[in-house]
Amino acid sequence: MEMNNTIEYSAKQEKIGSACERVYGICEKFNKFKVTEIAKIGDEDRRRIIHSVKVGLAITLVSFLYYLRPLYDGLFGQAGMSAVLTVVVVFEFSSVGALFSKCLNSGAATLVAGGLGVGAGYLARLCGDKGEAIVLGILVFLLAAASTYMRFIPSIKNKYDHGVVIFILTFTLVAILGYRVTEISVLGHQRLSTIFMGGAICILVSVSVCPVWAGQDLHLLVSGNIDKLATFFLGYGGEISTDKIDKLYLEVHKTVLDSKATEESLANFAWWEPPHGGFRYNHPWKHYLEIGVLTRECANHIQTLISTGYCINSKPQESESEFDLKIEPACKKLSTELGKALKELASATKEMTVPQLSTAQIHISNSKSAADELRIVLENCSSLLLGPTKIDLGRIMPPLVTTSILVDVIECIERISVSVDELSQKALFRKLDSSKDHKKLDDVHVVIEFKDELDVKQETL
């Protein structure tokens, strides 16, 4: 008997030991992977940690409306919980503008819907006890259906969608509760007060503790996209005839192509933000979207340029044709000058200074002169392309398409330059002391004029 008990006890011990090992293994895997993954989320963007702290702080502050007896008895009562729900619903990670949008939408929608709900209750009572519920049902149906349909209108959906949702919720609650509760005006007043208090605490915490401004993010995004285009053209101009595999500049334009939704969202939220930093009241946020359209158009040209394969699959120097050797210098110059012009515009936009259009225009003019050189080369090579000698179209077409795309890009970058200049005027960018820049520009003009004189002399000879 004792032997059997010992065997059963040892079997139970083995089961417990194996279960403990499994639990330990699971915990070890969790510590190894999950904890590392959680920490990585915070390392990728420290604003996520700050946002979590801000939400906790806001909820703690607003909860005192419920904890403190004078506030509970005198002002808010059980409706104080609405303030907590307001913080949870409206507190946005993305930006202060998104928070302002939701708070103002919530306050305005609650005020309008509460008034309409009280009015609907009084109107329904005029129809007697039997008709009151019917009238309330009809009014709730009409306003809920009409408001929901309005959410599909793009202009309302972009800026006031949250307000329409709160309007439907508040009107329905006030209208339905008014059928059973006699002091509906008191309930509406408490709900409105708690929503305003919750929104005010959210705004205070969001603006006071490490604010995230959508306007600043949009500004940096647009200037960064221009800089990415400049990085591509500078890299393309410097390595157009190399066979390097690691060409990271060929990938930078892809984020520009995918930036439309982000730009529109940031511009929408920036519209709600108060003046901050260098961004004044009525800042031209829509103009950033116009620049974004032009940068994506230029990025599309880049995508087409890469798809030709002329840069990626270029041959070694000894196997290049005479035609390749003639057009590559002009292509390099054209691409490099376009990159320098974009660098000037990106730097001016990021620093919020009036762009030195003289410098940018000089680089654009140099790119145009390079385009003229390409046309001359193509005219001189027409006999080679159209002569009796059989040519390989697979070798000739990529450089021809590349040349055509680079020439088209000049016009696109000119429009970016004009748009950036218009932004600097509308946004009142600051002007820099340009005495040194004038001297630098004079030197550049001298070099260009001297080069033009040499070209004229060579043509004369």
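Quick notes on the rules
- Residues numbered from 1 in each chain as written.
- Predicted model: local features only at pLDDT ≥ 70, side-chain atom pairs only at ≥ 80, totals over all residues.
- Heavy atoms only, no water.
- Helix = DSSP H or I, 4+ residues; strand = E, 2+ residues; numbered from the N terminus.
- Contact = heavy atoms within 4.5 Å.
- Salt bridge = Lys/Arg side-chain N within 4 Å of Asp/Glu carboxyl O.
- Buried < 20%, exposed > 50% of the residue type's maximum accessible area, 1.4 Å probe, protein only.
- Patch = residues over 30% accessible without salt bridge, like charges linked within 9 Å, V, L, I, M, F, W, Y side chains within 5 Å.
- Areas by Shrake-Rupley, 256 points an atom, 1.4 Å probe, with all protein chains shown as cover.
- Expected span 1.5 Å × (residues − 1).
- Axes fitted to C-alpha atoms, helices over the stretch in contact; angles between N-to-C directions.
- Parallel < 35°, antiparallel > 145°, perpendicular 65-115°, else oblique.
- Nonpolar A, V, L, I, M, F, W, Y, C, P; charged D, E, K, R; others polar.
- pLDDT = per-residue confidence, 0-100.
- Left-handed = near helix turned anticlockwise from the far one by under 90°.
- Phe/Tyr/Trp six-rings, centres within 6.5 Å; stacked < 30°, edge-to-face > 60°.
- Lys NZ or Arg CZ within 6 Å of the ring centre and 35° of its normal.

Asks: Which residues make up the overall build of the protein, and what values do they have?
Replies: Per the secondary structure count, the protein includes 17 helices and 0 strands. Here the analysis covers contacts within the protein between residues at least 6 apart in sequence; of these, 82% occur between residues at least 24 apart.

Asks: Could you give an account of the pattern of salt bridges, with specific residues and numbers?
Replies: This model, assessed by the stated rule, comprises 8 salt bridges. A salt bridge links R296 to E263; the shortest N-O distance between them is 2.8 Å. Of this pair, R296 sits in helix α12 (residues 285-307) while E263 sits in helix α11 (residues 260-270), placing them 33 residues apart in sequence. Taking the relative accessible area as the measure of exposure, E263 reaches 1% and is therefore buried. Of the charged contacts in the structure, one is a salt bridge between E414 and K368, with a shortest N-O distance of 2.7 Å. One end of the pair, E414, is in helix α16 (residues 393-426); the other, K368, is in helix α14 (residues 357-380), and 46 residues separate them in sequence.

Asks: Lay out the side chain of N105 with the relevant residues and their values.
Replies: With respect to the element layout, N105 can be found in helix α5 (residues 96-125). The exposure class assigned to N105 is buried, which follows from its relative accessible area of 7%.

Asks: So what about a nonpolar patch on the surface? Which residues, and what values?
Replies: Side chains of L57, L61, F64, Y67 and V209 sit close together on the surface and give an oily, nonpolar patch of about 450 Å² of accessible area. For L57, the location among the structural elements is in helix α2 (residues 47-67). Given a relative accessible area of 37%, L57 falls into the partly exposed group.

Asks: Describe helix α6 (residues 128-150), with residues and values.
Replies: Its 23 residues give α6 an end-to-end C-alpha distance of 32 Å, which sits within 8% of 33 Å, the value for a rise of 1.5 Å per residue. Of all the positions in α6, only G131, E132, V135, L136, V140 and S147 are classed as buried. Residues of α6 that are buried sit in contact with α5 and α7 (154-180).

Asks: Help me get a handle on the side chain of H253, residues and values and all.
Replies: Along the polypeptide, H253 turns up in helix α10 (residues 253-257). Discounting chain neighbours no more than four positions away, the residues touching H253 are A299, I302, Q303 and I306.

Asks: Which residues make up the packing of α11 against α12, and what values go with them?
Replies: Between α11 and α12, the least distance of the axes is 9 Å, while the angle of their chain directions is 170°. Overall, the two elements α11 and α12 adopt an arrangement that is roughly antiparallel. Counted together, K260, E263, E264, A267 and A270 of α11 and W285, L289, G292 and R296 of α12 form the full contact between these two elements. Class assignment for the residues of the contact of α11 with α12 results in 4 nonpolar, 1 polar and 4 charged.

Asks: With reference to specific residues and values, describe the environment of F171.
Replies: Relative to the elements of secondary structure, F171 occurs in helix α7. As a C-alpha pair, F171 and T110 span 61 residues in sequence and 7.9 Å in three-dimensional space. Filtering out sequence-adjacent residues up to four positions away, F171 remains in contact with A113, L116, G117, A120, L139, V140 and L143.

Asks: So what's going on with the confidence of the model for the protein? Which residues, and what values?
Replies: For the protein, per-residue confidence averages 76 on the pLDDT scale, and residues scoring 70 or more make up 72% of the total. For the protein, per-element mean pLDDT is lowest for helix α17 (residues 435-460), which scores 42, and highest for α11, which scores 91. Contacts for the low-pLDDT stretch residues 312-319, under 50 throughout, to residues beyond four places or in other chains number 14 contacts.

Asks: With reference to specific residues and values, describe the packing of helix α9 (residues 214-238) against α11.
Replies: Running from N to C, α9 and α11 cross one another at 145°; their axes reach a closest spacing of 8 Å. As α9 runs across α11, the sense of the crossing is left-handed. Counted together, A214, G215, D217, L218, L221, V222 and N225 of α9 and T262, E263, L266, A267, F269 and A270 of α11 form the full contact between these two elements. In terms of residue class, the contact of α9 with α11 is built from 8 nonpolar, 3 polar and 2 charged.

Asks: So what's going on with the packing of aromatic side chains? Residues and values would help.
Replies: Counted according to the given criterion, the structure contains 6 aromatic pairs. Note on W271 and W272: the rings are 5.0 Å apart at their centroids and 90° apart in plane angle, and the pair reads as edge-to-face. In this structure W271 comes out as partly exposed when scored by relative accessible area, which is 44%. Here a set of aromatic residues connected by ring pairs shows up, and it is made of Y160, W271 and W272. Here the guanidinium or amino end of R125 rests over the ring plane of Y122, the centre of that ring lying 5.5 Å away. Against the face of W271 rests K159, its NZ or CZ located 3.7 Å from the ring centre.

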